[in-house]
Amino acid sequence: MTEPLTPVSSPFALFGKLGISGHEVALVLFLVVALFWALYTLVVIYHWVRYSHASKVAMPAIALYLVGSCVFIVLALSGLA
Amino acid sequence: MEFKREFELEPGEIVLREVRKHWIFFALSLVPLVVLAIVPFLIPPFIAHVPQLVLLNHFEGWNTALGRVALGLWWLLLWSSGFNAFTRYFLNAWIITNQRIVDIEQRGFFRREVSSLLLNRVQDVTIDTEGLLHSLLDIGDINVQTAGSVDRFTMDNVGDPPMLRDLILENAAAHTGMGNSGV
């Protein structure tokens, strides 16, 4: 005789038990990733500016990276609004 | 904006070519990131096909507030990883001048090696092409053997290696009187 299927509890249910809402978890996650992104972006732009040897690729590459990043940040922020 | 060179050109020295790995290797490094970018859209069908997970019944799609946060942050991380791959691809270069070859190796952030090889020390230049992809796209390694040095100077996975070999040998010959005898 087979056992009946039992529901799998969501890992997010743990936060509910602790009295933390999903919105708060998302906000903390966003801040952590945004901080990491900001530090990484500063470092990588420093390397491009210092070591790209006046290449015409440098500024468009940095601009494209920043524009793409902004799109994803806005997408994430739209969920926090 | 002023860019700083990591090496100064000598009087009469001109840059002939900046060489990087073939772009196909950069493109291949993006494939895992593209796959990871579409993974979130594979999750709902996966949940639908696994009975245990169907009972979970908490996932409401990506067009929810938390879904957009998760998706935005996931793609931001992948986008940054892609730019990191391009940075490593672009900042690793060999610069061939009419007097030397400069090897610039970006080993990581804040870890960079710049070494020069004078063309008057070049004794031999060989090309090594191995594999289907390399043969089809004319990709190969260039090994530059120098006088009095055990180490070889290697440019790996560059495009059109015969042209680069000829360029190095022509300019080496101008310094040493060596003929174009590379293999």
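Computed from a predicted structure; not experimentally measured. (Residues numbered from 1 in each chain as written. Chains lettered and ligands numbered in written order. Predicted model: local features only at pLDDT ≥ 70, side-chain atom pairs only at ≥ 80, totals over all residues.)

Caption draft 1: Geometry of the overall build of chain B. Counting secondary structure elements, chain B contains 5 helices and 7 strands. The order of helices and strands in chain B, counted from the N terminus, is β-α-α-α-β-β-β-β-α-β-β-α. (Helix = DSSP H or I, 4+ residues; strand = E, 2+ residues; numbered from the N terminus.)

Caption draft 2: Structural view of the sheet that holds strand β3 (residues 100-108) of chain B. All names here are of chain B. The strand order across the open sheet formed by 4 strands is β1-β2-β3-β4, and the pairing between neighbours is antiparallel. Of all strands in the sheet, those with a lone pairing partner are β1 (15-19) and β4 (111-118), marking the two edges. Ignoring which end each strand starts from, the neighbouring axes of this sheet average 15 degrees apart. (Pairing = 2+ DSSP bridges. Axes fitted to C-alpha atoms, helices over the stretch in contact; angles between N-to-C directions.)

Caption draft 3: Region of the structure containing the packing of helix α2 (residues 22-51) of chain A against helix α3 (residues 58-80) of chain A. Residue and element names in this part refer to chain A. Viewed as axis vectors pointing N to C, α2 and α3 meet at an angle of 175 degrees, and their least axial separation amounts to 12 Å. If you check the angle between α2 and α3, you find them roughly antiparallel. Counted together, Ala26, Leu27, Phe30, Trp37, Ile45 and Trp48 of α2 and Ala58, Ala61, Ile62, Ser69, Ala76, Gly79 and Leu80 of α3 form the full contact between these two elements. Counted by class, the contact of α2 with α3 contains 11 nonpolar, 2 polar and no charged residues. (Parallel < 35°, antiparallel > 145°, perpendicular 65-115°, else oblique. Contact = placed C-beta atoms within 7 Å. Nonpolar A, V, L, I, M, F, W, Y, C, P; charged D, E, K, R; others polar.)

Caption draft 4: Here's a closer look at the environment of B:Val31. Turning to its location among the elements, B:Val31 is positioned in helix α1 (residues 23-49). Sequence spacing of B:Val31 and B:Ile127 is 96 residues, and the spatial spacing of their C-alpha atoms is 28 Å.

Caption draft 5: Structural context of the sheet that holds strand β6 (residues 139-146) of chain B. Residues and elements named next belong to chain B. Within the open sheet, the 3 strands sit side by side as β5-β6-β7. Their pairing is antiparallel. Each of the sheet's edge strands pairs with one partner strand only, and the pair in question is β5 (122-128) and β7 (152-159). Between one strand axis and the next, the sheet turns through 20 degrees on average, direction left out of account.

Caption draft 6: Expanded view of the confidence of the model for chain A. Mean pLDDT for chain A: 83, with 78% of residues reaching 70 or above. Of all secondary-structure elements in chain A, the lowest mean pLDDT belongs to helix α1 (residues 13-17) of chain A, at 67, while α3(A) reaches the highest, 94. (pLDDT = per-residue confidence, 0-100.)

Caption draft 7: Representation of the confidence of the model for chain B in the model. Residue and element names in this part refer to chain B. Residues with a pLDDT of 70 or more make up 85% of chain B, whose mean pLDDT is 83. Per-element averaging of pLDDT across chain B places helix α2 (residues 51-54) at the bottom with 65 and helix α3 (residues 65-91) at the top with 93. Complex prediction metrics read pTM 0.81 and ipTM 0.81.

Caption draft 8: Layout of the pairing of β4(B). Pairing analysis gives 8 bridges linking β3(B) to β4(B), with the strands arranged antiparallel. Bridge pairing links B:Ile101 to B:Leu117 in β4(B).

Caption draft 9: Representation of the domain arrangement of chain B. Here the domain parsing of chain B yields domain 1 (15-21 + 92-176) and domain 2 (27-88). Using only C-alpha atoms to locate each centre, domain 1 of chain B and domain 2 of chain B end up separated by 40 Å. (Domains from an automatic or database assignment.)

Caption draft 10: Representation of α2(A) in the model. Here α2(A) spans 43 Å end to end across 30 residues, near enough to the 44 Å set by a 1.5 Å rise per residue. Those residues of α2(A) that fall on the buried side of the exposure criterion are A:Ala26, A:Phe30, A:Val33, A:Val44, A:Trp48 and A:Tyr51. Those residues of α2(A) that are buried are in contact with α3 of chain A together with α3 and β4 of chain B. (Expected span 1.5 Å × (residues − 1). Buried ≥ 20, exposed ≤ 12 C-beta atoms within 10 Å, placed from the backbone.)

Caption draft 11: The pairing of β3(B), seen in detail. All names here are of chain B. In this sheet, β3 lies alongside strand β2 (residues 93-97) in antiparallel orientation, the contact comprising 4 bridges. Bridge pairing in β3 places tryptophan 94 opposite aspartate 103. Connecting the antiparallel pair β2 and β3 is a turn made up of 2 residues. In this antiparallel pair of consecutive strands, β3 and β4, the connection spans 2 residues, and phenylalanine 110 shows a positive phi of 65 degrees.

Caption draft 12: Molecular detail of the packing of α1(B) against α3(B). Residues and elements named next belong to chain B. Where α1 contacts α3, the axes come no closer than 10 Å and their chain directions differ by 180 degrees. In this view, α1 runs roughly antiparallel relative to α3, as classed from their interaxial angle. Counting all contacts with α1, which are made through Phe26, Ser29, Leu30, Leu33, Leu36, Ala37 and Pro40, the residues of α3 involved are Leu71, Trp74, Trp75, Leu78, Ser81, Gly82, Ala85, Phe86 and Tyr89. Classifying every residue of the contact of α1 with α3 by side-chain character gives 13 nonpolar, 3 polar and no charged.

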